[in-house]
Each structure stands twice: as structure tokens, then as C-alpha cells.
Amino acid sequence: MVSRVIPVDPFDLVIFGGTGDLAQRKILPALFRRYCAGQWSADARIIAAARGELDVNAFREMVSVSLNRHVPKRAKDLKALNGFLANVDYVALDALSDSGWSELAGKLREDRIRAFYFSVGPRLFGPLAERINASGLANTETRIVVEKPFGHDLQSAQALNATLAAHFSESQIYRIDHYLGKETVQNLMAVRFGNMLFEPLWNSQYVDHIQITVAETVGIDGREEYYERAGAMRDMVQNHLMQLLCLIAMEPPAKFDPNAVRDEKLKVIRALDPVEPHHIVRGQFAAGPDGPGYREVVGNPRSTTESYVALRAHISNWRWAGTPFYLRTGKRLVARSSVINVLFKDAPHSIFGEEAGRHANALSIRLQPNEGITLKVTIKEPGQGGMRLVDVPLDMSFAEALGPENQDPPDAYERLVMDVIRGNQTLFMRGDEVEAAWAWTDPVIAGWQARGDVPKPYDSGSTGPGDAELLMKRDGRRWQGIKP
Ligand code: NAD
């Protein structure tokens, strides 16, 4: 199944921080793949702007090396490389002074979409917004793309929203959460709202509980300073897990339209109860045979920053009252796996008697790796004399189901950067959503600080601290396995 590519309108995309890790590893490879797919109009252009005196040829060489490293072989079209690089330019510029801004202004053209991607540290978001305006580079068609982290808490997020709002309208601001660009995350909405099968069962009457797991094998190497200030609650739960929770729990929006979708997500966040202290477990990975522990990595023997969080959340509304949502995420765990499990209730009565055992349906939505959906259904165990039941998976891997040309689904950044050019904000966070998520997260973190909470150590390569198992056990439930 090959999807049709609709070219976008001509654009000038300025990437502030174009020499940085994110730009080289994600944004430029994503743009190259869309270029190869024929989605660019002929005269679209990328202008990287960063600190560092590079001439344009040296920058193109840097991009060429990055593309070779970061674009999967199957998706690489090296014949297209020179054509792509010819549309890439570079300006040495300082976000905090006048240096380079008039040169950048000289490179921008009229009559095309103008987008500015802030792929720089968060302390530069405000100054960049101000300078874009002070240099006369913005018009009503201008878009800005703001990377994570969006604030450190509610107060800083409100201040950043206010700074951006002084220069741009909300319809011009694209706050990235790259989880929303993942194909399977969008599929969550397709599965829920494109099928008759699931939605009638999607409520507390039929769903026992929902688990959202984002497990990582990586540690925090190279991000020690940032992570030590953030921790898993700020780095993962406030944004990525919250967004997944919203998509799984929201009411059907009237249409697939940016504000309709974001209004429904916001209602979910606002309906979240505060988390009870005994419904949350923090962990920190300890030293083990395969590497140093968190405290050694950050060089702080007393660090109380969590690299793991598991919690039980409740949404107080008609659909979900009484159905807990269990969220967990951590570093240096046994496998890299992001999955949402919807565990349905047992059938109200078993006509097969005690010997058949108790069975319940479960829907697993795998976000990464091996994106796909599995529905666990109950059937008769073959060959048995009596009526013994067994659970079997109805398994659908998207790559297998949709054919070989879908082996390499578009990376999240491909979808998101093209949506910026198309002017579609559906998969971007609105300012009020971000603030509501911080308003829910802040008291949890303040509670830890007030109680002097110390995270529980856990072994690298494990599923996290034992207390996270207890969180479930107390409720008569257990986590689904973390499988690669
Ligand atoms: P980086 O340190 O690798 O790159 C920073 C870039 O900013 C460089 O190009 C540098 O020249 C430029 N820069 C720094 N100071 C500047 C100034 N005063 N004026 C102009 N340019 C300046 O950082 P990164 O890892 O690419 O991250 C960029 C942003 O993306 C950060 O906000 C980060 O939190 C976010 N982010 C990064 C990743 C990732 O995987 N790297 C993932 C998610 C979000």
C-alpha cells in the first residue's frame, strides 16, 4: 500500500541550533526523507542558524555526514543528496546579540511560508522570539516551532507562554512533543474513532484498567546536567505519558481539527485527580555489572532525582470514574518498549464453569519498537475433552499488514515538520494544555521535596523497583511484561 504524497507550499525554514545534536540527528534527516519522498516544492529552502563561524560548504559537509549516519539505508536516496544540499544554507548568528540577524534577514524571501524552528536550549526560546520580531522577520504567516522542555514548572511555563504570546498568536506557535508525531500514536486515534468495535467498550463499565509503559534501556549520558534538574516526572510524565493518557482517555472530538482535538485533551488533564503519595513510586538506577549507577553518572552521591516513576492516576469524569490508569517510565530498564495496554473486565458470568478459569480481553498498542496492535481473545483449547479455555493473540504488526514499503514508517519529526509547513496544529500542544499538565505535575514534585523523599534503587536491566510491583499487587493487578 503506497500513500500519495501531496507537496507542501514553498517555504523558508530557519533552524536555530542547526549544528546541534537534535537538528543533525532528527530534523535534517526528517527533512531529507520528505525531500526524497517528493513532498517539497521545488524552491523550498532550509537555513541553519547557529553559533559558530562555518561557511556554507562546511555546513553542507556536516549535514551530508549526518544524513549518511542517521537515515536508514532502505530510505536513503543518495542521488537526491546533492539536490537537497543545494537547498541548505547557513548563517552564523547569536540569539543573544545583533550578530548575524541582518544576514539572516537578507536570505529570507517574500511570498512563501516562513517557519523558525527553535532547536536550541530553552533559555534562548524567549530571546529568539523577541529578536525575530525586533529584526522584522515575522509576519502573520510566520510559524515558530518550540522544542521541549516547555518550562520547568507551571510558573516558568506560564512565563514562557506569556513571552511567546507577546510576539506571536497561539495559531503561530507549534510546541513539539515528538510522541504525537509517531505513526502509532496517531493510529491510536484511528483505532478508537475509525472503528465501531472499540468505542462502545471504551469506558469504566468494560475496562478494568489501563497501563501506559515507556521503558528505555538508555541512561542519561550526555544530558546529566539537564536530567539532574528534571527527573523522569518532568522529562517524560508531564509531556509524553500525559499526551498518551489524553489520547487514550479523551472523548471523541467532533472533528479531526486542531482545536477540537486539543479541547478534548485539555478536559482529560483537568479531570485528573491529584496523585496520592502512596500511589506513586520513584526509582533511581543503581550501579551494576553493566555500568555505573545514576549518582555516579551525574557526579552527585546524594542525588534524589528519579530516573523511574510509576503511578496510579484517576480521571474523575463519567467515562472513567473507577478505572485506574497506571503509568510508568524509566531509564536503564530491561528493554526499550513503549506500549499501552487496555485490560478489559472479566465476562460477567462464565457458562463454562470453574474449570474454564477466568479470562479477560486485552488490547495492546505497541508504539515502539515493532509498531502494531495485539488483541487477546479467548478460545477453546484445542483437543481437550472438556471446555478448557485459552487466550490467544490476534496480532497485527503494521509493517507486515501494510506491506514492505511501510517497513520504515516516517519518523515522528517528518510528520511534525511537514505539519508546521501545512499549518496544521493538531499534533502540537496548546499553551493551556501544557500549563494544565504542569498544574497536575507540580504538587507531586513539591510533595517529594516537602517529605524529603528518596527514590528507591533498582538494578539496571530490571523492570524497575520492587515497590512498583507492590503498587499493582495491592490492587490485585500486575504489570504486563516489558518486552522488546
Ligand atoms: P545542542 O547543545 O547539541 O545544540 C545547541 C545548538 O544551539 C547548537 O547549534 C548551538 O550552536 C546553538 N546555540 C547555542 N547558543 C546559541 C546562541 N546564543 N545563539 C545561536 N545559537 C546558539 O542541543 P540539542 O541536543 O540539539 O538540543 C536543542 C533543543 O532540543 C534543546 O531545547 C533540547 O532540550 C531539545 N531536545 C533535544 C533532543 C535531543 O535528542 N538532542 C530531544 C528532545 C528535545
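Counting restarts for each chain, with residues numbered from 1 along the sequence as it is written. In view of the model being predicted, local features appear only for residues whose pLDDT reaches at least 70, and side-chain atom pairs are presented and counted only at 80 or more, with totals across whole chains, interfaces and linings using the full set of residues. Values reported for side chains reflect all heavy atoms of the structure, with hydrogen atoms and water molecules removed beforehand.

1. Concerning the nonpolar core
For clarity, the cut-off: To form a nonpolar core, buried Ala, Val, Leu, Ile, Met, Phe, Trp, Tyr and Cys residues must be joined to one another through side-chain atoms within 4.5 Å. For the exposure calls, accessible area comes from a 1.4 Å probe over protein chains only, and a residue counts as buried if that area is under 20% of its type's maximum, exposed if over 50%, partly exposed in between. Under the DSSP-based scheme used, a helix requires at least four consecutive residues in state H or I and a strand at least two consecutive residues in state E, with every element numbered from the N terminus. Residues are treated as being in contact if the distance between any of their heavy atoms lies within 4.5 Å.
Of all hydrophobic cores here, the largest spans 142 residues; its most connected members are F16 and I248. The leading source of residues in this core is helix α8 (residues 224-249), at 13 residues. When near neighbours in sequence (up to four residues on either side) are disregarded, I248 contacts L188, R192, W202, I210, I212, W320, F325, I340, V342 and I365.

2. Describing empty space enclosed by the protein
What counts is decided by this rule: Buried and open spaces are told apart on a 1 Å grid over the protein atoms alone, a cavity being a set of points where a 1.4 Å probe fits but cannot get out and a pocket being an open set with protein on both sides within 12 Å along at least five of seven lines. Residues with an atom within 4 Å of a point are the lining residues. Grid points are joined across faces, edges and corners, and a volume is the space filled by probe spheres set on the points. In this classification, Asp, Glu, Lys and Arg are treated as charged, Ala, Val, Leu, Ile, Met, Phe, Trp, Tyr, Cys and Pro as nonpolar, and every other residue, Gly included, as polar.
For the structure on display, the rule yields 1 cavity of 30 Å³ or more. Surrounding the largest cavity, K148, P149, F150, G151, I176, D177, Q238, N239, M429, V434 and W438 form its lining. Split by residue class, the lining of the largest cavity holds 6 nonpolar, 3 polar and 2 charged.

3. Focus: the sheet that holds strand β4 (residues 113-118)
Formally: When DSSP finds two or more bridges between a pair of strands, those strands are recorded as paired. Lines fitted to C-alpha atoms define the axes here, with helix axes fitted over just the stretch in contact, and angles between the N-to-C directions of these axes take values from 0 to 180 degrees.
Sheet architecture is open: 6 strands sit in the order β3-β2-β1-β4-β5-β6, paired in parallel fashion. Edge positions in the sheet fall to β3 (88-92) and β6 (173-175), since each has one partner strand and no second. With direction set aside, neighbouring strand axes in the sheet form an average angle of 20°. Two elements, strand β1 (residues 11-16) and strand β2 (residues 45-50), share 5 bridges in a ladder whose sense is parallel.

4. A few points about the sheet that holds strand β15 (residues 456-459)
Remark on secondary structure: sheet strands pair via backbone hydrogen bonds, oriented parallel or antiparallel. Here we have 9 strands laid out as an open sheet, ordered β14-β13-β12-β11-β7-β10-β9-β8-β15, and mixed in their pairing. One side of each edge strand has no neighbouring strand; the edge strands of this open sheet are β14 (389-397) and β15. Direction aside, neighbouring strands of the sheet carry axes that sit 20° apart on average. Across 7 bridges, the pairing between strand β11 (residues 337-346) and strand β12 (residues 360-368) is antiparallel. Within the sheet, the bridge partner assigned to D346 lies in β12 and is A360. Its contacts with the sheet place helix α7 (residues 183-194) against β11, β12 and β13 (372-380), and it is angled at close to 145° to β12. Docked against the sheet, α8 engages β7 (207-215), β8 (280-286), β9 (308-313), β10 (325-330), β11 and β12, running at close to 140° with respect to β10.

5. Notes on the pattern of salt bridges
Note the following rule: Any carboxyl oxygen of Asp or Glu within 4 Å of a side-chain nitrogen of Lys or Arg constitutes a salt bridge here.
Taken as a whole, this structure holds 32 salt bridges when the rule is applied. Put simply, R477 and D208 hold a salt bridge, and the shortest N to O gap is 2.7 Å. Of this pair, R477 sits in the segment after α14 (466-473) while D208 sits in strand β7; the two residues are 269 residues apart in sequence, bridging distant segments of the chain. Beyond isolated ion pairs, a larger network of salt bridges with shared partners links R192, E199, E251 and R319.

6. Looking at the pairing of β1
With 6 of its 6 residues buried, β1 lies for the most part within the structure. Residue alternation in β1 divides its side chains into two sets, F11, L13 and I15 and D12, V14 and F16, and both sets are buried. By the bridge criterion, 6 bridges tie β1 to β4 in an arrangement that is parallel. Paired with F11 across the bridge in β4 is I113.

7. Side note on the packing of aromatic side chains
Basically, it comes down to this: Any two of the Phe, Tyr and Trp rings considered here, Trp counted by its six-membered ring, make a pair once their centres fall within 6.5 Å; the pair's planes then place it as stacked at under 30 degrees, edge-to-face at over 60, or tilted in between.
By the definition in use, this model includes 18 aromatic pairs. Seen in terms of ring centroids, F16 and F118 are 5.9 Å apart; in terms of plane orientation they differ by 70°. Their pairing is edge-to-face. Taken together, the residues F16 in strand β1 and F118 in strand β4 connect sequence positions 102 residues apart. You'll find F16 and F118 in the same group, each marked buried. Ring centres of F32 and F84 lie 5.2 Å apart, and the angle between their planes is 70°; this geometry places the pair in the edge-to-face category. With F32 in helix α1 (residues 21-36) and F84 in helix α3 (residues 81-86), the pair connects residues that are 52 residues apart, well separated along the chain.

8. Description of the layout of surface pockets
By rolling a water-sized probe across the atoms, one finds the places where empty space is left. Taken as a whole, the second largest pocket encloses approximately 630 Å³ of empty space. Around the second largest pocket, the lining comprises 25 residues; the ones closest to its centre are K345, D346, A347, P348 and H359. Counting residues per element, the ones that place at least two in the lining of the second largest pocket are β11, β12 and β13. Residue composition of the lining of the second largest pocket, by class: 13 nonpolar, 8 polar and 4 charged.

9. Brief notes about the pairing of β3
For β3, the buried fraction is high: 5 of the 5 residues fall into the buried class. Here β3 shows no split at all, with V88, Y90 and A92 on one side and D89 and V91 on the other all buried.

Bear in mind that shape data such as this cannot, by itself, settle questions of function.
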